[in-house]
Amino acid sequence: MTTSGTAQYNVRELGAVGDGDELDTEAIQGALDDCAATGGTVHIPPGEYRTEPLQVSSDTTLHLEAGATLQFERDYDAFPMVESRWEGWDQVGFHPCLWIADAENVAVTGRGTIDGQGDYWWNFYDMPESEYPEGLCERLDEFDERNGKSDDVSSFTLRPPLFQVLESENVTVSGVTLRNSPFWNTHVVYSRNVTLHDVNVENPADAPNGDGIDIDSSQFVRISDTYINAGDDAICIKSGKNEEGREVGRPAAQITVTNCTVEAGHGGVVIGSEMSGDVRDVVVSNCTFTDTDRGVRIKTQRDRGGVVEDLRFDNIAMRRVACPFVINGYYFTDIDSDPLPVDEGTPMVKNVHFHNITAREVSYAGFLAGLPEQPFEGISFSNVRIDATRPLDATDHRPAMADNYEASHTFFAKSLADVTFTNVEIRSPESPALALEEVERLSIDGLQLSGEAPSPAVAVTDVETVQIRGCRVSSPEQTFLRASGAGTEQVSLSGNHGRLAEHVDIDSSCDATFETS
């Protein structure tokens, strides 16, 4: 006899066949519904279970044994319409393949596989709408009519996610493999206290919108010991888009990512671009990013509003990443723009710290761009090593999706209130290694330049206050600092090695106060 919370349901005993041909939805969903009434565990023995979308409710553990695979149906008519959030807006769309909604105390465990058979959906992505099946057009028209929203994102991004946790609490996912998602792979939205541990997330490189894990307006989320190979951003943190995102006002906060390995994706850890409800208190540690387009990537634009703040990235190794550090206030917009009035749609990024990071075989050393009307603030790098010697033509990607920026190996920064580089080493075949424009306060302590040192090592234009200490030149002919622009007001050298002051070039375009000690 079982008691509440200990009931065991074996889907084979309830009629599931598991041969990959028979449709097993009724047996599996029936077991999940019965389990929700008593509390307990639904067991999926080894086999291939062809199924329509499934929903897991409260007090239920879904356990997929090694060798068990849920294969979701290749038929858009099998996916009913549900209300959820897609691309930062609350809207209707296709039912997620596996859905935890309005539930608590749920676990998905085991060594089995959850397969969205996304290639069925991906075929439609690049297909002209005139060639869509008539039934699919009718579904999408219904979504458009119900949603009444338009955006630069096609409505067909409303393909179902593979796995979504919506408005739920105390959810744990461990051991399973989640692969071939029609849209985002794993989406945690409007939820609290969610743990993803020892999970494999696998989407092919050509999977459109094939994000690995998206944490969306959720709090107290932990991702650990997880492997991700994604067709888009690997781990992405979001909180809604533009006016609606600000009105909903539910931040993504108190999030930790640790001991994760990312093999491929558009970014290792990405914040935004939907961040209008705020993102804060995020710690990423002890991770490796290999062959991703970017490493750590924060992206936003005017009209988003919201604040991204108090982020820490520590003990990360990157290799063959196009650009390891990106903070971009001009996502898909023109970086060469005049200041605009600050209003509720003006985004802010502040208090972002990078520590103990190596980035090898990268093309672009870094890209930081705030907004002239609201410079991003509190950005710091310490104990960071960047080897930006990978050829620029080794990748088709720019360092950031910002228009009118000429990419180079140089670490570029613009429109920041303050930025600090402490014990940072840059290897770059291009001069300068660091280039900064329209920055209020720049602090450099112990900058090291490996390889053939560029001259100048650092170039500043309209940087109000420059403080340099603990640095040295690499050769008698090298110019360490070149300062220009009427906005450059003070250059201070302190505690450097040798006669660094003799290797500073202050252009006639600025009348900076020059201090040395």
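Keep in mind that what you see is a predicted model, and the values were worked out from it rather than measured. (Residues numbered from 1 in each chain as written. Predicted model: local features only at pLDDT ≥ 70, side-chain atom pairs only at ≥ 80, totals over all residues. Heavy atoms only, no water.)

Enquirer: Talk me through the overall build of the protein chain; I want residue IDs and the actual numbers.
Expert: Check the secondary structure of the protein chain and you find four helices and 40 strands. Since a compact globule built from 517 residues should have a radius of gyration of about 24 Å, the 25 Å found for the protein chain is in line with a globular shape. Here the C-alpha coordinates of the protein chain stretch approximately 85 × 45 × 40 Å along the principal axes. Relative to its full complement of 517 residues, the protein chain shows a buried share of 58%. Long-range contacts, defined as pairs at least 24 residues apart, comprise 74% of the intrachain contacts of the protein chain with a sequence gap of at least 6. Within the structure as shown, the protein chain displays about 19500 Å² of accessible surface, and the carbon and sulfur contribution to it stands at 41%. Put simply, the protein chain has 37 plus and 87 minus side-chain charges, and the middle of one group is 6 Å from the middle of the other. (Helix = DSSP H or I, 4+ residues; strand = E, 2+ residues; numbered from the N terminus. Rg over C-alpha atoms; globule rule 2.2 N^0.38 Å. Buried < 20%, exposed > 50% of the residue type's maximum accessible area, 1.4 Å probe, protein only. Contact = heavy atoms within 4.5 Å. Areas by Shrake-Rupley, 256 points an atom, 1.4 Å probe, with all protein chains shown as cover. Lys, Arg positive; Asp, Glu negative; His and termini not counted. Charge placed at Lys NZ, Arg CZ, Asp CG, Glu CD.)

Enquirer: Could you give me a rundown of a negative patch on the surface, with the residues and numbers involved?
Expert: On the surface, Asp-77, Glu-129, Glu-134, Glu-138, Asp-141, Glu-142, Asp-144 and Glu-145 cluster together into a patch of negative charge. Locating Glu-134 in the fold gives a position in helix 3 (residues 134-147). (Patch = residues over 30% accessible without salt bridge, like charges linked within 9 Å, V, L, I, M, F, W, Y side chains within 5 Å. Salt bridge = Lys/Arg side-chain N within 4 Å of Asp/Glu carboxyl O.)

Enquirer: Could you give an account of the nonpolar core, with specific residues and numbers?
Expert: In this structure, Phe-381 and Leu-436 are the most contacted members of the largest nonpolar core, which totals 138 residues. Counting residues per element, this core draws most heavily on strand 32 (residues 411-427), which supplies seven residues. Contact partners of Leu-436, with chain neighbours within four places excluded, come to Ala-413, Val-419, Phe-421, Leu-442, Val-458, Ala-459, Val-460, Thr-461 and Val-463. Cys-323, Ile-335, Tyr-364 and Ala-402 belong to the second largest nonpolar core, which has 12 residues in total. (Core = buried A, V, L, I, M, F, W, Y, C linked by side-chain atoms within 4.5 Å.)

Enquirer: Could you give an account of helix 3, naming the residues involved and the relevant values?
Expert: Quick reminder: α-helices carry 3.6 residues per turn. Residues three or four places apart thus point the same way. Along its 14 residues, helix 3 runs 20 Å from first to last C-alpha, staying within 8% of the 20 Å computed at 1.5 Å per residue. Among the residues of helix 3, Leu-136, Arg-139, Leu-140, Phe-143 and Asn-147 are the ones counted as buried. Buried residues of helix 3, viewed axially, fall in a sector of 90°; they line one side. Structural note: helix 3 exposes Glu-134, Asp-141 and Glu-145 on the side pointing more than 90 degrees away from its buried face. Two residues or fewer past helix 3, Gly-148 is found with a positive phi of approximately 60°. (Expected span 1.5 Å × (residues − 1). Arc of directions from axis to C-beta.)

Enquirer: A description of the pattern of salt bridges should follow, citing residues and the corresponding values.
Expert: All chains considered together, the criterion is met by 24 salt bridges. For Asp-115, the salt bridge is made with Arg-179, and the minimal N-O distance between the two is 2.9 Å. Placement of Asp-115 in strand 12 (residues 113-115) and of Arg-179 in strand 15 (residues 177-179) is noted, with a sequence separation of 64 residues between them. Given the relative accessible area of 7%, Asp-115 is considered buried. A relative accessible area of 28% places Arg-179 in the partly exposed class. Measuring nitrogen to oxygen at the nearest pair gives 2.8 Å for the salt bridge that ties Arg-302 to Glu-373. Remark: Glu-373 occurs in the loop between strand 30 (366-369) and strand 31 (377-387) and Arg-302 occurs in the loop between strand 26 (292-299) and strand 27 (307-319); sequence separation between them is 71 residues. This pair shows no difference in class: Arg-302 is buried, exactly as Glu-373 is. Residues participating in the shared-partner salt-bridge network are Arg-85, Asp-90 and Asp-216.

Enquirer: Go over unusual backbone geometry, please, and point to the residues and values.
Expert: The omega torsion across Gly-272 and Ser-273 is 0°, close enough to zero to call that bond cis. Mapped onto the elements, Ser-273 comes out in the loop between strand 24 (261-272) and strand 25 (279-290). Non-glycine residue Asp-225 carries a positive phi angle of around 50°. Along the polypeptide, Asp-225 turns up in the loop between strand 20 (219-224) and strand 21 (227-229).

Enquirer: With reference to specific residues and values, describe the environment of Thr-256.
Expert: In this structure, Thr-256 sits in strand 23 (residues 252-258). By relative accessible area, Thr-256 is classed as partly exposed at 35%. C-alpha of Thr-256 to C-alpha of Glu-274: the two residues are 18 residues apart in sequence and 19 Å apart in space. Here Thr-256 is in contact with Val-221, Arg-222, Ile-223 and Val-283, once residues within four sequence places are set aside.

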